[in-house]
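Structure assessment
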Amino acid sequence: MASQKLLVKDVIKKADVLLEVVDARFPDETRNSEIEKDISREKKPFIIVLNKCDLVPKEKLEKAKSRMAKIAPAVFVSSKERFGTTMLRHKILEVADIQGRDIQVGCIGYPNTGKSSVINGVAGRGKASTSAISGHTKGVQIVNAGSRIVFLDTPGVFPLDEHDEYIQGLLGIKDSTHIKDQIGVALKIIEKLVEEDRELLESFYKITFTDENSYDLLEMIGLQCNFLKKKGKIDETRAAIRIINDWQKGLLHREKTDIE
Ligand SMILES: Nc1nc2c(ncn2[C@@H]2O[C@H](COP(=O)(O)OP(=O)(O)OP(=O)(O)O)[C@@H](O)[C@H]2O)c(=O)[nH]1
Ligand SMILES: [Mg+2]
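This structure is a prediction, so every number in the text was calculated from the model and none was measured.

A closer look at the domain arrangement of the protein chain
Examined at the domain level, the protein chain breaks down into domain 1 (2–161) and domain 2 (165–248). For domain 1 and domain 2, the distance between their C-alpha centres works out to 32 Å. Across the contact, 10 residues belong to domain 1 and nine residues belong to domain 2. When the buried surface of domain 1 facing domain 2 is broken down by residue, Phe26, Glu29 and Phe158 rank first, second and third, together holding 60% of it.

Here is the structure:
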């Protein structure tokens with residue numbers, strides 16, 4: 001990771017414009033503050049790309065976009081459904097302000113947010129190599145996208161201070177068997193759902209709640225799933241593992257809503 005960070009720093013220095021690719025399902029969690037600091041130190045323009053927007057309800061996207069727009073121009077994209085890629089191309093040309101030569105566009109962000117897929121979306125399918133397994137892109141890949149745009153694809157990196165299990169659990173970078181604090185991660189997932197989609201949490205686990213805290217909800221879910229230890233005590237760890245697995249399998253996300 002250390003050498004990959006140097007590589008990303010180098011791309012920030014070389015590039016004329018940077019794309020910070022975040023996962024539209026968790027835009028705040030997948031913004032990389034360290035990278036953003038480096039970009040502003042180098043005084044480079046950047047665009048926040050909210051990718052995977054096919055997986056997010058439209059209202060949530062709009063809210064996230066207006067939050068992000070306070071930091072930098074924000075574009076939402078689904079590289080899977082080829083949505084937003086033309087808009088992104090225009091935005092790159094607009095912010096770059098480079099005449100008479102190619103525009104070098106660095107593509108950076110957390111692992112697995114879809115950096116390589118975004119490049120393919122703009123450049124035409126299959127130019128940058130992608131994978132469902134995070135950590136796929138190793139070195140810098142150069143992809144010519146035509147109309148003066150040349151992408152520099154980079155490996156995904158975490159900021160030092162956000163290298164925690166919650167993010168890794170949320171993004172599916174670590175599965176439940178590799179997470180040490182399973183209860184802690186499950187509580188964060190519960191908190192996120194209570195904030196964003198409590199109806200889904202209630203209907204999925206067949207519970208109803210008012211103002212119980214996340215730990216109470218974990219217990220309610222354990223009880224509902226009949227995860228009991230001796231003397232009828234609830235097995236919170238088992239409940240936590242179930243929640244992490246359900247989340248990572250995508251069962252705790254609503255089907256996408258239409259994007260015009
Ligand atoms: N649903 C959906 N999935 C996407 C989208 N973009 C990328 N993916 C998926 O996300 C996974 C990661 O995509 P990549 O483009 O390899 O991600 P990356 O950020 O380059 O990953 P690393 O190089 O490993 O850091 C793949 O399984 C893609 O198919 C999108 O817009 N929607
Ligand atoms: Mg990649």
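More follows now that the structure is in view.
Quick word on the nonpolar core
Ranked by internal contacts, the top residues of the largest apolar core, which has 28 residues, are Ile189, Leu201, Leu218 and Ile243. Those elements that place two or more of their residues in this core are helix H6 (165–170), helix H7 (182–205), helix H8 (214–224) and helix H9 (236–248). The element best represented in this core is H7, accounting for eight residues. When residues of this core are assigned to domains, at least three map to each of domain 1 (2–161) and domain 2 (165–248). For Ile189, the contacting residues outside a window of four places in its chain are Tyr166, Leu170, Ile243, Ile244, Trp247 and Leu252. Core analysis: the next-biggest nonpolar cluster, separate from the first, contains 23 residues, Leu19, Ala96, Ala145 and Phe151 among them.

Here's the deal with the site of ligand 1
If you check the shell around ligand 1, you find 23 residues, and the closest are Asp54, Lys115, Ser117, His136 and Thr137. One of the side-chain nitrogen or oxygen atoms of Ser116 is found 2.8 Å away from an oxygen atom of ligand 1. A distance of 2.6 Å separates an oxygen atom of ligand 1 from a polar atom in the side chain of Ser117. Look at ligand 1: alone it shows 650 Å² of surface, and the protein chains cover 87% of it. Partitioned by chemical class, the residues of the shell around ligand 1 number four nonpolar, 15 polar and four charged.

Side note on the pattern of salt bridges
Applying the stated criterion across every chain yields a total of 14 salt bridges. Note that Arg67 is salt-bridged to Asp28, the shortest N-O span being 2.7 Å. Of this pair, Arg67 sits in helix H3 (residues 58–69) while Asp28 is found in the loop between strand S1 (17–23) and helix H2 (33–41), placing the two residues 39 residues apart along the sequence. Here Arg67 falls in the partly exposed class, since its relative accessible area comes to 37%. By relative accessible area, Asp28 is classed as partly exposed at 40%. Close ionic contact of Lys192 with Glu196 constitutes a salt bridge, the shortest N to O distance being 3.2 Å. Residue Lys192 and its partner Glu196 are both found in helix H7; the two are separated by four residues, about one turn of the helix.

A word on the environment of Glu199
By the element assignment, Glu199 lies in helix H7. Residue classification places Glu199 among the exposed positions, given a relative accessible area of 56%. Residues Glu199 and Asn213 lie 14 residues apart in sequence; the distance between their C-alpha atoms is 16 Å.

A word on the packing of aromatic side chains
The final tally for this structure, using the stated rule, is three aromatic pairs. Relative to Phe83, the ring of Phe76 lies with its centre 6.2 Å away and its plane at 20°, an arrangement referred to as stacked. Accessibility expressed as a relative area gives 23% for Phe83, which makes it partly exposed. Taken together, a centroid distance of 4.9 Å and an interplanar angle of 85° make the contact between Phe204 and Tyr205 edge-to-face. Since its relative accessible area comes to 26%, Phe204 is described here as partly exposed.

Definitions and cut-offs
Counting of residues starts from 1 at the beginning of each chain's written sequence and follows it residue by residue. In the order they appear in the text, chains get letters beginning with A and ligands get numbers beginning with 1. Given that the model is predicted, a residue must reach a pLDDT of at least 70 before its local features are reported, and side-chain atom pairs must reach 80 or more before they are shown or counted; all residues, however, enter totals for whole chains, interfaces and linings. Side-chain numbers here rest on the full set of heavy atoms in the structure, without hydrogens or water. For every domain, the bounds stem from an assignment made automatically or drawn from a database. By definition, residues are in contact when any of their heavy atoms lie within 4.5 Å. Once two parts are brought into contact, the accessible area they lose, counted with a 1.4 Å probe and summed over both, makes up the buried area. What is meant by a nonpolar core is a set of buried Ala, Val, Leu, Ile, Met, Phe, Trp, Tyr and Cys residues, joined one to another through side-chain atoms within 4.5 Å. Burial here depends on accessible area, computed with a 1.4 Å probe over protein chains only, as a share of the maximum for the residue type. Under 20% is buried, over 50% is exposed, and the range in between is partly exposed. Runs of E in the DSSP output that reach at least two residues are strands. Runs of H or I that reach at least four are helices, and both are numbered from the N terminus. What makes a residue near a molecule or strand is one non-hydrogen atom of that residue sitting within 4 Å of it. Counted as a polar contact is a pair of N or O atoms within 3.5 Å, where, for protein atoms, one must be capable of donating a hydrogen and the other of accepting one, and residues adjacent in sequence contribute only when both atoms are in side chains. Under the convention used here, a 1.4 Å probe and the Shrake-Rupley method define accessible areas, while residue burial counts only the protein chains that appear. For this scheme, ten residues count as nonpolar: Ala, Val, Leu, Ile, Met, Phe, Trp, Tyr, Cys and Pro. Four count as charged, namely Asp, Glu, Lys and Arg, and the remainder, Gly too, count as polar. Any carboxyl oxygen of Asp or Glu within 4 Å of a side-chain nitrogen of Lys or Arg constitutes a salt bridge here. Any Phe, Tyr or Trp ring, taking Trp's six-membered ring, that has another such ring centre within 6.5 Å forms a pair; planes under 30 degrees apart are called stacked, those over 60 apart edge-to-face, and the others tilted.

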